[in-house]
Amino acid sequence: MMEELLFKQMHFVRKRTIAALDATTEKLADEMPGEVKNSIRWNLGHIFVAQDTLLYPFIGEAHHVPENYLELFKMGSSPHHWVEEAPSLQEIRKYLVDQPRRIQADLSGKLEEPIDRPFKLGDYELSTLGELLSFAIWHEGLHQGTINTIKRTVGTEDLWSKVTEEIQPV
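In this report, the structure presented in the accompanying data block is examined. (Residues numbered from 1 in each chain as written. Predicted model: local features only at pLDDT ≥ 70, side-chain atom pairs only at ≥ 80, totals over all residues. Heavy atoms only, no water.)

Helix and strand counts for the chain stand at six helices and two strands. If you list the helices and strands of the chain from N to C, you get α-α-α-α-α-β-β-α. On C-alpha atoms alone, the chain measures out to a radius of gyration of 17 Å, which is about the 15 Å that the 2.2 N^0.38 rule sets for 170 residues. Structurally, the chain occupies a C-alpha span of about 50 × 35 × 30 Å along its principal axes. Residue burial in the chain is summarised as follows: out of 170 residues, 44% are buried. Put simply, 71% of the contacts in the chain that link residues at least 6 apart link residues at least 24 apart. Here the chain displays about 9700 Å² of accessible surface, and carbon together with sulfur accounts for 54% of that area. (Helix = DSSP H or I, 4+ residues; strand = E, 2+ residues; numbered from the N terminus. Rg over C-alpha atoms; globule rule 2.2 N^0.38 Å. Buried < 20%, exposed > 50% of the residue type's maximum accessible area, 1.4 Å probe, protein only. Contact = heavy atoms within 4.5 Å. Areas by Shrake-Rupley, 256 points an atom, 1.4 Å probe, with all protein chains shown as cover.)

What follows is the structure, encoded as structure tokens:
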């Protein structure tokens, strides 16, 4: 029952992340108003990178993150320091859409299992895969809030309507 609830929550939160992405233009994705250290694009990429690199090592498997994504979107990184072009929103979207199904398939039946070593956050300790997944879901919601804050700061009134990019001839 708890496993079903966690996977349901993971899919719900990811649908909201995809909705936020779909309501973001490529131009808006790179806005960093005021003293903001990261963009909407960075937050979306970071959600993908953080979930994979958090969960997969604890089941003894390699994460599914492209090498360049690690440098672009890892904790502590920032678009201010990027030396390569960032991926498009549509590329990030594909990774974000595919990830929850893969995680559910790979972790199903394992959420109650203890992890090899506790994951510590200050004096708080996570000791099962389910606790890690719950943390990852919370972390994603935290970054959704950041995305919404950036949008509001630059004057976006409608946070959820889908947008389409102008297709420019090549």
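To continue, consider the nonpolar core. Leu44, Val49, Tyr69, Phe73, Ile92 and Leu96 are the most contacted members of the largest nonpolar core, which totals 23 residues. Put simply, the parts of the chain that give this core at least two residues each are helix 1 (2-22), helix 2 (26-29), helix 3 (40-55), helix 4 (67-73), helix 5 (89-107) and helix 6 (129-153). Of all the elements, helix 3 adds the most residues to this core, at six residues. Apart from the residues lying within four places of it in its own chain, the contact partners of tyrosine 69 are Phe48, Val49, Lys74, Pro87, Glu91, Ile92 and Tyr95. (Core = buried A, V, L, I, M, F, W, Y, C linked by side-chain atoms within 4.5 Å.)

Okay, the environment of threonine 153 next. Along the chain, threonine 153 falls in helix 6. Looking at threonine 153, its side chain comes within polar contact range of the main-chain oxygen of threonine 149, at 2.7 Å. (Polar contact = N/O pair within 3.5 Å; in protein donor to acceptor, adjacent residues only side chain to side chain.)

Before going further, it helps to spend a moment on the layout of surface pockets. Taken as a whole, the largest pocket holds about 330 Å³ of empty space. For the lining of the largest pocket, the leading source of residues is helix 3, giving six residues. (1 Å grid on protein atoms, 1.4 Å probe; cavity = no way out; pocket = protein on both sides within 12 Å on 5 of 7 lines; lining within 4 Å. Points joined across faces, edges and corners; volume = space filled by probe spheres on them.)

Moving on: the packing of aromatic side chains. For the coordinates displayed, the defined rule picks out eight aromatic pairs. For the pair tyrosine 69 and phenylalanine 73, a centre-to-centre distance of 5.3 Å together with 70° between the ring planes defines the contact as edge-to-face. Of the two residues, tyrosine 69 and phenylalanine 73 are both situated in helix 4; the distance of four residues between them amounts to about one turn of the helix. Tyrosine 69 sits in the buried class, given a relative accessible area of 1%. Exposure remark for phenylalanine 73: the relative accessible area of 0% places this residue in the buried category. (Phe/Tyr/Trp six-rings, centres within 6.5 Å; stacked < 30°, edge-to-face > 60°.)

These results come straight from atomic positions and should not be treated as a statement about function.
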